[in-house]
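Next come the chains, spelled out residue by residue.
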Amino acid sequence: MSLRLTNTLTRAKAEFVPLQAGKVSIYCCGVTVYDLCHLGHARSYIVWDVLRRYLIWLGYAVTFVQNYTDIDDKILARAAAEGSSMQAVSERNIEAFVADMAALNILPADKMPRATRSLDAIRALIGELEARGAAYSVDGDVYFAVLKHQGYGKLSGRDLAEQQDNAAGRVASSEEARKQHPFDFALWKAAKAGEPSFPSPWGPGRPGWHIECSAMVREELGASIDIHLGGADLIFPHHDNEIAQSEAATGQQLARFWLHNGMVNVGGQKMSKSLGNFTTIRALLASGVSPMTLRLFVLQAHYRKPLDFTAEALEAAATGWRGLNAALAVGRIYQGLLGWSESTAGDLAALPDELQASKERFSAAMDDDLNTAAALGELFELARPLRALANRLQRHDIPGLADLSLGGRWRLLLELAGVLGLESEQPRLPTLPGSSGNPATSAGSFPSLSETESPLGISAQGCDGEAIQALIERRKAAKAARDFATADGIRDQLRAQGIELIDRPGAITDWIQR
């Protein structure tokens, strides 16, 4: 099965085929840096991070561009309220954005252009539109003429004539009175007193919001790209306007696929500052919610559907993450006991049929328009025996041969969780008898066996040599730590299962099955 994505432009799910074989170009609309990022930003950037990670996992060379809007009325208003500058507000919030995204394990974009650093590209694009008759200037302002672009509104499905009929009878503002059509939008805004401005052929001013993204897409990725991303609230007017101005200038399709994520609701209501249900990423993490809990919470819903944020839903995600985290962490925390290595992760040839089938089900879910909820379900199934093992090891049980054979399952879980950007968060380490340190590394971290403790209880028949060798290595480590009770216990337990150890010169131990 190939990757199929729901394209907002066609309103249908279609097979994703890039413009250039093996390479994918992606542009993601970034933040307007006037404030801290909120839960809606977290939802959007987490799901697009997963798309990017999955494409990379599939073997594509991905170029991911995400912009900063650092010229905007909201930034200027914040600067005026603070008595600071547009640059100061922007820089502070860009720094906060980088920190918040890192906390959520979101990969940094390959390129992060800023509007203030793309002014030459913006002015050039506006000049081309004016030369083609798709834009016109009025007293230092430049507008895009929507009637000059056939099919304006094709992304949102809005009919321009219908919109004009609905607006009939409305008193036009002074700005609208200067336009050729009420829905023409600004490409360049003439300077206002007290506001920062930049030189241009039309006089000092600053760019409009929509033209910034069109210019940065073309400057960084070219006239036509594979995927354009954003929230559903950007479909109209922002993305409709991007399409109109870009395609009017280049004559080429701006993006083959347009993907949009659903909005975040809080207790059934749209998240907004006016309703007082606005939550920043920083405040949420500061309240004790772990980054991976938030990531899991977001991925439990399909990216195109609304996401309802409630305390109960977040607590359910926290519970789910605790179990998954235990499974992800077990091989690292108890490396001294289990001897598992991450180096063979992703080796398809080494996967037994059961794990190969699990990997294929994960891929099938992701290929179906990034069905992360189903993909997570596969992770939880993989994690089940690993979580049980973690619980037993916390009780100081000695792992058996069947436990040791779970190493391949653990490696696959790490690999697939990584595709979703889920990484183990270090839990509190259990304290083992005679140990003062990390059970994964401490020389005294092997729990002693006694006659009352349960045996390995696993037949060696059918068990691979790697699992037996892991027990041998732990026996060597126990002997090196002068924990002879544990070393002798491992020998006795293996002997009871039909495995005889043979110690040879040079610290070599062989084994035979009786």
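As the structure is a prediction and not an experimental result, all values here were calculated from the model.

Comments concerning the sheet that holds strand β11 (residues 264-266)
Right, so step 1: Here we have three strands laid out as an open sheet, ordered β12-β11-β13, and mixed in their pairing. At either margin of the open sheet sits one strand with a lone partner, and together these are β12 (269-270) and β13 (307-309).
Right, so step 2: As paired elements, β11 and β12 share two bridges and run antiparallel to each other. Across the sheet, Val266 pairs through a bridge with Gln269, a residue of β12.

Re the packing of helix α11 (residues 311-333) against helix α14 (residues 372-394)
Right, so step 1: As a packed pair, α11 and α14 sit with axes 7 Å apart at the nearest point and diverge in direction by 75 degrees. On the basis of their axis angle, the class for α11 and α14 is roughly perpendicular. Every residue of α14 that contacts α11 at Gly320, Gly323, Leu324, Ala326, Ala327 and Val330 is listed here: Leu379, Phe380, Ala383, Leu386, Arg387, Leu389, Ala390 and Leu393.
Right, so step 2: When grouped by side-chain class, the residues that make up the contact of α11 with α14 number eleven nonpolar, two polar and one charged.

Points about the layout of surface pockets
Right, so step 1: Space inside the largest pocket adds up to approximately 1000 Å³.
Right, so step 2: What lines the largest pocket is a set of 42 residues, and nearest its centre among them are His38, His41, Lys74, Asp233 and Leu234.
Right, so step 3: Residue assignment for the lining of the largest pocket shows that the elements contributing at least two residues are α1 (39-57), α2 (73-82), β8 (205-207), α7 (209-221) and β9 (225-231).
Right, so step 4: It is α1 that provides the largest number of residues to the lining of the largest pocket, a total of six residues.
Right, so step 5: Looking at the lining of the largest pocket, its residues break down into 17 nonpolar, 15 polar and ten charged.
Right, so step 6: Here the lining of the largest pocket spans two domains, and each of domain 1 (22-117 + 262-309) and domain 2 (119-260) adds at least three residues to it.

Here's the deal with the nonpolar core
Right, so step 1: Among the nonpolar cores identified, the biggest contains 143 residues, and Ile227, Val330, Leu379, Leu420 and Leu422 are the most heavily contacted of them.
Right, so step 2: Top element by residues in this core is α1. It accounts for ten residues.
Right, so step 3: Other than its neighbours up to four places away in sequence, Val330 contacts Leu338, Trp340, Leu386, Leu389, Ala390, Leu393 and Trp410.

Details of the side chain of Glu378
Right, so step 1: By the element assignment, Glu378 lies in helix α14.
Right, so step 2: For Glu378, a relative accessible area of 10% corresponds to the buried category.
Right, so step 3: A polar atom in the side chain of Glu378 sits 2.7 Å from the side chain of Ser358.
Right, so step 4: Here Glu378 is in contact with Ser358, Arg361 and Phe362, once residues within four sequence places are set aside.

Thoughts on unusual backbone geometry
Comment: phi is negative for the bulk of residues other than glycine, and the bulk of peptide bonds are trans.
Right, so step 1: A cis geometry characterises the amide bond from Phe236 onward to Pro237, with omega recorded as 5 degrees.
Right, so step 2: Along the chain, the position of Pro237 falls in helix α8 (residues 235-250).
Right, so step 3: Unlike most non-glycine residues, Asn105 shows phi in positive territory, near 60 degrees.
Right, so step 4: Among the structural elements, Asn105 can be located in the loop between α3 (86-103) and α4 (119-131).
Right, so step 5: A positive phi angle is found at Leu370, which is not glycine, with a value near 55 degrees.
Right, so step 6: Secondary-structure assignment places Leu370 in the loop between α13 (353-367) and α14.

Conventions adopted
Residues numbered from 1 in each chain as written. Predicted model: local features only at pLDDT ≥ 70, side-chain atom pairs only at ≥ 80, totals over all residues. Heavy atoms only, no water. Pairing = 2+ DSSP bridges. Helix = DSSP H or I, 4+ residues; strand = E, 2+ residues; numbered from the N terminus. Axes fitted to C-alpha atoms, helices over the stretch in contact; angles between N-to-C directions. Parallel < 35°, antiparallel > 145°, perpendicular 65-115°, else oblique. Contact = heavy atoms within 4.5 Å. Nonpolar A, V, L, I, M, F, W, Y, C, P; charged D, E, K, R; others polar. 1 Å grid on protein atoms, 1.4 Å probe; cavity = no way out; pocket = protein on both sides within 12 Å on 5 of 7 lines; lining within 4 Å. Points joined across faces, edges and corners; volume = space filled by probe spheres on them. Domains from an automatic or database assignment. Core = buried A, V, L, I, M, F, W, Y, C linked by side-chain atoms within 4.5 Å. Buried < 20%, exposed > 50% of the residue type's maximum accessible area, 1.4 Å probe, protein only. Polar contact = N/O pair within 3.5 Å; in protein donor to acceptor, adjacent residues only side chain to side chain.

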